[in-house]
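Residues per chain, in single letters:
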Amino acid sequence: MDDDDTSLPADTLAILQQFLAERTQREHDEQQLMINVTGLDAHFEEDWQLSQFWYSAETKRAIGDALAKIAKEHDNTSCFRIALLSCPSLYATIKKLHSNVNIFEYDKRFAAYGTDFVHYDYNAVDSNKDYLSHQNQCYDLIIADPPFLSEECMRKMSKIVNNLQRRSDSKIVFCSGEVVEPWLTAYLPVHKCRFQPQHERNLGNEFVTYANFNFDEYFDIK
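Quick look at the structure, then. Predicted model, so just to flag it, every value in this text is computed and none were measured.

With that settled, the discussion passes to the pattern of salt bridges. Under the counting rule described, the total for this entry stands at 11 salt bridges. For D130, the salt bridge identified is with K129, shortest N-O distance 3.5 Å. The structure contains a network of salt bridges with shared partners spanning D140, R166, R167 and D169.

Printed below as a string of structure tokens:
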């Protein structure tokens, strides 16, 4: 086969080259952020290969306001600890409202958030009985957005969440697809809520929230 038979049309090649150049620039910019910027000033693009999809500004604001209300109900607000699992786009909003928060992420770019960052891999929980032992039984409120809509992912994420709970009545919120309901409710004492998180990009799956308490009472749901 001649080389000409496999070459791309000029317009397609130009689009591809532009896409690759923009991606290279984004990766460079993010590396600079990790070197020069930390904390709330750090900003990251979604990595679709890691199933990252950022929440809309309205959703981040609504969840942030809800968590602030929940934290204030605690007897000692300063000791109230929040864990964010695989939902990094919530971090900056939550951190501005409540200082005691950790972000659990597989993506090491988020080490830019300093000591609040905890690197984790949900797949490791089955092979290591002491996995995340320094964080276990430490959190009063846990929000998780599992990266994959599968029973295996729900099972492993549920196991991690159970271990992170400070008490049996620690609050749990999962943001995930409707399709996971039978799996998630089999592993955790949660129910589907009315509040529906929205993303910056339209996703094919219907996303909802699940909680082990009345999460909806903290939102103005019509």
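Turning next to the environment of I143. Structurally, I143 can be placed in strand 4 (residues 141-144). Remark: the alpha-carbon pair of I143 and F174, spanning 31 residues in sequence, is separated by 5.8 Å. Beyond its immediate sequence surroundings of up to four residues, I143 is in contact with I63, L67, A83, L84, L85, C87, L90 and V173.

One can find R167 in the loop between helix 5 (151-164) and strand 5 (171-177). Residue classification places R167 among the partly exposed residues on the basis of a relative accessible area of 36%. Distance in space between the C-alpha atoms of R167 and C138 is 8.4 Å, their sequence separation being 29 residues. Filtering out sequence-adjacent residues up to four positions away, R167 remains in contact with H74 and D140. In this structure the side chain of R167 is engaged in a polar contact, spanning 3.2 Å, whose partner is the side chain of D140.

The next point concerns the nonpolar core. The biggest cluster of nonpolar side chains holds 30 residues, and the ones touching the most others in it are L67, L84 and F215. Mapped by element, the contributors of at least two residues to this core are helix 3 (57-72), strand 1 (82-85), helix 4 (91-97), strand 2 (101-105), strand 4 and strand 5. When residues of this core are assigned to their parent elements, the largest contribution, five residues, is made by helix 3. Dropping the residues within four chain positions of it, L84 is found in contact with L90, Y91, I94, V101, N102, I103, F104 and I143. In terms of nonpolar packing, the next biggest core, distinct from the first, is built from 27 residues, I142, A144, F174 and V190 among them.

Definitions and limits used
Residues numbered from 1 in each chain as written. Predicted model: local features only at pLDDT ≥ 70, side-chain atom pairs only at ≥ 80, totals over all residues. Heavy atoms only, no water. Salt bridge = Lys/Arg side-chain N within 4 Å of Asp/Glu carboxyl O. Helix = DSSP H or I, 4+ residues; strand = E, 2+ residues; numbered from the N terminus. Contact = heavy atoms within 4.5 Å. Buried < 20%, exposed > 50% of the residue type's maximum accessible area, 1.4 Å probe, protein only. Polar contact = N/O pair within 3.5 Å; in protein donor to acceptor, adjacent residues only side chain to side chain. Core = buried A, V, L, I, M, F, W, Y, C linked by side-chain atoms within 4.5 Å.

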